[in-house]
Every structure is written in structure tokens, then in C-alpha cells.
Amino acid sequence: LLSGSGLPTSQAYRVGRVIVPTGEVSIPACAKVVVQNDGKVAWPESAALALVLGEDMGLPFLQLGAMAPGEAAEIILDLSVPPRKAPGSSRCAWALIDATTGATLGPLLLFEAVWSK
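Attention in this report is confined to the structure presented alongside it. (Residues numbered from 1 in each chain as written. Predicted model: local features only at pLDDT ≥ 70, side-chain atom pairs only at ≥ 80, totals over all residues. Heavy atoms only, no water.)

1. Structural notes on the side chain of glutamate 112
Right, so step 1: Checked against the element boundaries, glutamate 112 lands in strand 7 (residues 104-116).
Right, so step 2: In this structure the side chain of glutamate 112 is engaged in a polar contact, spanning 3.1 Å, whose partner is the side chain of arginine 17.
Right, so step 3: Apart from residues no more than four positions distant in its own chain, glutamate 112 is found in contact with Arg14, Gly16, Arg17, Val18, Ser89, Ser90 and Arg91. (Helix = DSSP H or I, 4+ residues; strand = E, 2+ residues; numbered from the N terminus. Polar contact = N/O pair within 3.5 Å; in protein donor to acceptor, adjacent residues only side chain to side chain. Contact = heavy atoms within 4.5 Å.)

2. A look at the pattern of salt bridges
Right, so step 1: This structure, assessed with the given rule, holds four salt bridges.
Right, so step 2: Taking the shortest distance from any N to any O, the salt bridge between arginine 14 and glutamate 112 comes out at 3.8 Å. One end of the pair, arginine 14, is in strand 1 (residues 12-21); the other, glutamate 112, is in strand 7, and 98 residues separate them in sequence.
Right, so step 3: Here arginine 17 ties to glutamate 112 by a salt bridge, and the two come within 3.1 Å at their closest N and O atoms. Of this pair, arginine 17 sits in strand 1 while glutamate 112 sits in strand 7; the two residues are 95 residues apart in sequence, bridging distant segments of the chain.
Right, so step 4: Residue class for arginine 17 comes out partly exposed when judged on its relative accessible area of 43%. (Salt bridge = Lys/Arg side-chain N within 4 Å of Asp/Glu carboxyl O. Buried < 20%, exposed > 50% of the residue type's maximum accessible area, 1.4 Å probe, protein only.)

3. Considering unusual backbone geometry
Right, so step 1: For methionine 57, which is not glycine, the phi dihedral falls at a positive 50°.
Right, so step 2: With respect to the helices and strands, the residue methionine 57 is situated in the loop between strand 3 (47-53) and strand 4 (61-63).

4. A look at the nonpolar core
Right, so step 1: The biggest cluster of nonpolar side chains holds 23 residues, and the ones touching the most others in it are Leu77, Leu79, Val81 and Phe111.
Right, so step 2: Leaving out residues up to four positions away in the same chain, leucine 79 has contacts with Ile27, Pro28, Ala29, Met57, Leu59, Trp94 and Phe111. (Core = buried A, V, L, I, M, F, W, Y, C linked by side-chain atoms within 4.5 Å.)

5. A few points about the layout of surface pockets
Right, so step 1: By volume, the largest pocket amounts to about 260 Å³.
Right, so step 2: Lining the largest pocket are 16 residues, with Gln11, Gln36, Asp38, Gly106 and Pro107 positioned closest to its centre.
Right, so step 3: Only strand 2 (27-36) and strand 7 provide two or more residues apiece to the lining of the largest pocket. (1 Å grid on protein atoms, 1.4 Å probe; cavity = no way out; pocket = protein on both sides within 12 Å on 5 of 7 lines; lining within 4 Å. Points joined across faces, edges and corners; volume = space filled by probe spheres on them.)

6. Notes on the environment of isoleucine 19
Right, so step 1: Its place among the elements puts isoleucine 19 in strand 1.
Right, so step 2: Since its relative accessible area comes to 57%, isoleucine 19 is described here as exposed.
Right, so step 3: For the pair isoleucine 19 and valine 81, spaced 62 residues apart in the sequence, the C-alpha separation amounts to 10.0 Å.

7. What about the sheet that holds strand 3?
Right, so step 1: The strand order 1-7-6-3-4 describes an open sheet built from five strands, whose pairing is mixed. With partners counted over all chains shown, the strands left at the sheet margins are strand 1 and strand 4, one partner each. Strand-to-strand twist in this sheet, taken as the mean axis angle between neighbours without regard to direction, amounts to 20°.
Right, so step 2: With nine bridges joining them, strand 1 and strand 7 adopt parallel strand pairing. What sits directly across from isoleucine 19, in strand 7, is valine 114. (Pairing = 2+ DSSP bridges. Axes fitted to C-alpha atoms, helices over the stretch in contact; angles between N-to-C directions.)

If you want it as C-alpha cells, here you go:
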């Protein structure tokens, strides 16, 4: 899926997959995931999710804020699956990053939408 994209691929988690009808209306979708800072250094206030692959589904960027080592937080991705007139599929991925430096802090979060008649 991501090989050759230049993205970090050591960890990736699928946070959702939806099958929606083709048509002309956006479909709301929600994915929830718990992330934990399992490192020894606090994540900075600039920790965020940033779209790195595919359509943004209405969520190009989500500020998360600082997290101490061992701290966990639930992330809610409120998405909007765009309309499509023909069957097909699309994958998108967000990276957990330090928005100031671009450094990767955690795994990729993957979401897939499938349009079906």
C-alpha cells in the first residue's frame, strides 16, 4: 500500500473502512483511535495528525497537543466521505507528527472508503 511513497511504514493501523453507495451526497463517517506516547520523551504542544496520503475526507490536519510519556488520548476523526458517481475505492493516511519540525511521533492511521452501487 505505502511502499515507495517515502512515508514511514514501520507502524500503520487501519482505523476504519466504510462501504457507501455511489451518488451525489457526502456521507459522514467517524473513526476513533487511542494513541499512547510509549516513548521516554514528552510529545510537544505541536503534536498533530497530518494527511500524508490520499483524499483528506474533510480532515487535512488535527492538532493534538502535548502528551507526557505513558499518556494516552482518544482521537476522534470526524470524516466526510465525498460522493462518487462510479464504484471504486480510496485510501487515505494520516501521520502522527511534530507539526513544527515534521518529525514522525507515531504510526500511520489508515482509512478506506469503498463506493458501491
